[in-house]
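Here are the chains, one letter per residue:
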Amino acid sequence: MADFIAAAFILGGCFFFLAGTVGLLRFPDTLSRLHALTKADNLGLGLVAAGVAVHGGDLVIALKLLVVWVAALAASATVALLIGRAMVERDEP
Amino acid sequence: MRVLGFACLWIVLTEGDVSSAFLAVGAVASAAAADALLNRGRGVGPLSALRVIRVLGRVPLDSVKAGIDVAIRALRPSLPIRPGLVRVPIDVADPAVRVATAYLTTVLPGTVCVAVEPGGLRLHLIDRRRDVGAQVAQVAQDLERALRGGRHG
């Protein structure tokens, strides 16, 4: 049963990674593409981490994966802020 | 609280490995000292830490909503986006709270913070018709209340 739940989470994560990549290719400008990277991909990573945590079946590993996900969220927000600021400063000097 | 927080983080990262306990003392002390130095005068008590955790508790749900929102927009053939930049004023004096609000705003559906300004935030919206001012102001107010003990009541 745990394997099925883990597989469902991981497949869900892969779907959101795919959607994020489609957004990266289809969205018209850099700032819009940041939405695909900071939201769809982060949810994809979170679901994959949740799937691995269920598969591992260990609380400490689950907490470690949670720390990894939170670190990835913080990193993506930081990078989005830096790229966004650079784009705004370039367009509105 | 700092030492306790970093000790918990160390235990999680090493998966409770006791053989690295001697390293833990140095690592936790160094991290706590660096944090205390960088955030001088911003002590976080147990109650405040709980309030911060409660504010951060929304992140997973917001992340799910935001991911679904972007996935739907990216995959629909009509590509229903109307991107645009907006300035959202927030009544927060502390720059650290403004930066924390910027981070949480990037997790909210449809918004990415692209600049932290003295009077507020510069946001990029995936649909500029949405009014996000009240939502962002609420996040800023909750964060300030959690970190500073409720200037807004």
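Since this is a predicted model, take the numbers as computed values, not measurements.

The rules behind the values
- Residues numbered from 1 in each chain as written.
- Chains lettered and ligands numbered in written order.
- Predicted model: local features only at pLDDT ≥ 70, side-chain atom pairs only at ≥ 80, totals over all residues.
- Helix = DSSP H or I, 4+ residues; strand = E, 2+ residues; numbered from the N terminus.
- Rg over C-alpha atoms; globule rule 2.2 N^0.38 Å.
- Buried ≥ 20, exposed ≤ 12 C-beta atoms within 10 Å, placed from the backbone.
- Contact = placed C-beta atoms within 7 Å.
- Nonpolar A, V, L, I, M, F, W, Y, C, P; charged D, E, K, R; others polar.
- pLDDT = per-residue confidence, 0-100.
- Pairing = 2+ DSSP bridges.
- Axes fitted to C-alpha atoms, helices over the stretch in contact; angles between N-to-C directions.
- Parallel < 35°, antiparallel > 145°, perpendicular 65-115°, else oblique.
- Left-handed = near helix turned anticlockwise from the far one by under 90°.
- Expected span 1.5 Å × (residues − 1).

With that settled, consider the overall build of chain B. Counting its regular elements, chain B contains six helices and three strands. Taking 2.2 N^0.38 as the reference for a compact globule, 153 residues should give roughly 15 Å; the C-alpha atoms of chain B span a radius of gyration of 19 Å, well beyond that estimate. Across the 153 residues of chain B, 29% fall into the buried class. In chain B, the proportion of contacts linking residues at least 24 apart, taken out of those at least 6 apart, comes to 63%.

Summarising the element assignment, Arg76 of chain B is placed in the loop between helix H4 (59-75) and strand S1 (84-89). For the pair formed by Arg76 of chain B and Pro95 of chain B, sequence separation is 19 residues and the distance between their alpha carbons is 39 Å.

In this section: the interface of chain A and chain B. Each side of the interface is counted separately: chain A has 31 residues, and chain B has 27 residues. The set of elements that each furnish at least two residues to the side of chain A that touches chain B consists of helix H1 (2-26), helix H2 (30-56) and helix H3 (59-91) of chain A. Ranked by the residues each element gives to the side of chain A that touches chain B, the list is headed by H3 of chain A, at 13 residues. Split by residue class, the side of chain A that touches chain B holds 19 nonpolar, seven polar and five charged.

So, about the environment of Leu63 of chain A. Residues and elements named next belong to chain A. Relative to the assigned elements, Leu63 resides in helix H3. Classification of Leu63 as partly exposed rests on a count of 17 C-beta atoms within 10 Å. Along the chain, Leu63 and Glu89 lie 26 residues apart, while their C-alpha atoms are 39 Å from each other.

Now for the confidence of the model for chain A. Looking at chain A as a whole, the pLDDT averages 92, with 99% of positions reaching at least 70. Ranking the elements of chain A by mean pLDDT puts H3 of chain A last, at 91, and H1 of chain A first, at 95.

In regular strands, side chains alternate between the two faces of the sheet. Among the six residues in strand S3 (residues 120-125) of chain B, five count as buried, and that is most of the element. Two successive antiparallel strands, strand S2 (residues 111-117) of chain B and S3 of chain B, enclose a turn made up of two residues.

Moving on to the packing of H1 of chain A against H2 of chain A. Residues and elements named next belong to chain A. Two numbers describe how H1 lies on H2: the axes approach to 7 Å, and their chain directions differ by 165 degrees. Judged by the inter-axis angle, H1 sits roughly antiparallel to H2. As H1 runs across H2, the sense of the crossing is left-handed. Here the contact of H1 with H2 is built from residues that sort into 20 nonpolar, eight polar and three charged.

With 25 residues, H1 of chain A extends 36 Å from end C-alpha to end C-alpha; this agrees with the ideal 36 Å at 1.5 Å per step. Looking at the packing, one finds that the buried side of H1 of chain A touches H2 of chain A together with H4 of chain B.

This part covers the sheet that holds S2 of chain B. One open sheet holds the three strands; their spatial order is S1-S3-S2 (chain B), and the pairing between them is antiparallel. Two strands bound the open sheet, and with one partner strand each, they are S1 and S2 of chain B. Direction aside, neighbouring strands of the sheet carry axes that sit 25 degrees apart on average. Here six bridges tie S2 of chain B to S3 of chain B, and the two strands are oriented antiparallel to one another. By the bridge assignment for S3 of chain B, Val112 of chain B is matched with His124 of chain B. Contacting S2 and S3 of chain B, H3 of chain A runs over the sheet at an angle of about 70 degrees to S2 of chain B.

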